Amino acid sequence: MNDIDAWVWWLIGAAALGIPLVVTAMPELGMLAVGALAAAAAAGLGGGVVVQVLVFAVVSVALIAVVRPVATRHRAQRPQLATGVDALKGKQAVVLERVDGAGGRIKLAGEVWSARSLDTDRAYEVGQEVDVVDIEGATAIVM
């Protein structure tokens, strides 16, 4: 063991932290692995054991303190791109069959949908453009 340089041990430690990172997807392990790589660089430049451990600790803690809150904030945000029925809300459609509070048909995004009026007293005639305000199951709610 004494024949192996300290920087090699730090590289082995970084790899040892990288393997569970891939298996568990815990980003903190990746940050510790980067800290071990920085300590390997310090050892390669001739830093003593105290310097190596300090570099490892400072880099690891700095990454966890800076990167983790940013990643958490990004994970909590809703996606910018609406998909599925969320993408249809706010779109315009054309009435194919009279739409009222009881029902009707519209053409929405190139497809025929069942629809009903948001205001049950309001009716939309064939050819009229309507706005989709919500989707309930397979029925578009229009106004």
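Note that this is a predicted model, so its numbers are computed, not measured. (Residues numbered from 1 in each chain as written. Predicted model: local features only at pLDDT ≥ 70, side-chain atom pairs only at ≥ 80, totals over all residues. Heavy atoms only, no water.)

A few words on the side chain of Q52. With respect to the helices, strands and loops of the structure, Q52 is situated in helix 3 (residues 49-76). Those residues in contact with Q52, other than ones at most four positions away along the chain, are A6, W10, A39, A43 and G47. (Helix = DSSP H or I, 4+ residues; strand = E, 2+ residues; numbered from the N terminus. Contact = heavy atoms within 4.5 Å.)

Another aspect to go through is the environment of V23. Tracing the sequence through the fold places V23 in helix 1 (residues 6-24). Overall, V23 belongs to the exposed group, its relative accessible area being 67%. Residues V23 and G84, 61 residues apart in the sequence, show an inter-C-alpha distance of 31 Å. (Buried < 20%, exposed > 50% of the residue type's maximum accessible area, 1.4 Å probe, protein only.)

The next subject is the side chain of S117. By secondary structure assignment, the location of S117 is in strand 3 (residues 111-117). Here the side chain of S117 touches D119 through a polar contact of 2.6 Å, landing on its backbone oxygen. Not counting the four nearest positions on each side in its chain, S117 is found in contact with V99, D100, G101, R122, Y124 and V142. (Polar contact = N/O pair within 3.5 Å; in protein donor to acceptor, adjacent residues only side chain to side chain.)

The pairing of strands in a sheet happens through backbone hydrogen bonds and is either parallel or antiparallel. On the basis of which strands lie adjacent, the closed barrel formed by five strands has the order 1-2-3-5-4 and mixed pairing. Between one strand axis and the next, the sheet turns by 55° as a mean value, whatever way the strands run. (Pairing = 2+ DSSP bridges. Axes fitted to C-alpha atoms, helices over the stretch in contact; angles between N-to-C directions.)

Within a pair of aromatic rings, the relevant descriptors are the distance that separates the centres and the angle that separates the planes. In this structure the tally under the stated criterion is one aromatic pair. Aromatic side chains W10 and F56 sit 5.3 Å apart centroid to centroid with 35° between the ring planes, which places their arrangement in the tilted category. Here the residue W10 occupies a position in helix 1, and F56 occupies one in helix 3, the gap between them amounting to 46 residues. Judged by relative accessible area, W10 falls into the buried class, the value being 18%. For F56, a relative accessible area of 22% translates into the label partly exposed. (Phe/Tyr/Trp six-rings, centres within 6.5 Å; stacked < 30°, edge-to-face > 60°.)

Further remarks concern unusual backbone geometry. The phi torsion at A25 lies on the positive side, around 60°, for a residue other than glycine. Within the secondary structure, A25 is located in the loop between helix 1 and helix 2 (27-44). Not every positive phi belongs to a glycine, and A109 is a case in point at roughly 55°. By relative accessible area, which is 61% here, A109 ends up exposed.

Evaluated as defined, the whole model comprises six salt bridges. The residue D86 makes a salt bridge to K89 at a minimum N-O spacing of 3.6 Å. Exposure remark for D86: the relative accessible area of 38% places this residue in the partly exposed category. Classification of K89 by relative accessible area gives partly exposed; the value is 36%. The closest approach of N and O atoms between R98 and E125, which form a salt bridge, is 3.0 Å. Taken together, the residues span a long stretch of sequence, with R98 in the loop between strand 1 (92-97) and strand 2 (105-108) and E125 in the loop between strand 3 and strand 4 (129-136) at a distance of 27 residues. Looking at E125, the relative accessible area reads 41%, which means it is partly exposed. What emerges from the salt-bridge pattern is a single network uniting D86, K89 and D134. (Salt bridge = Lys/Arg side-chain N within 4 Å of Asp/Glu carboxyl O.)

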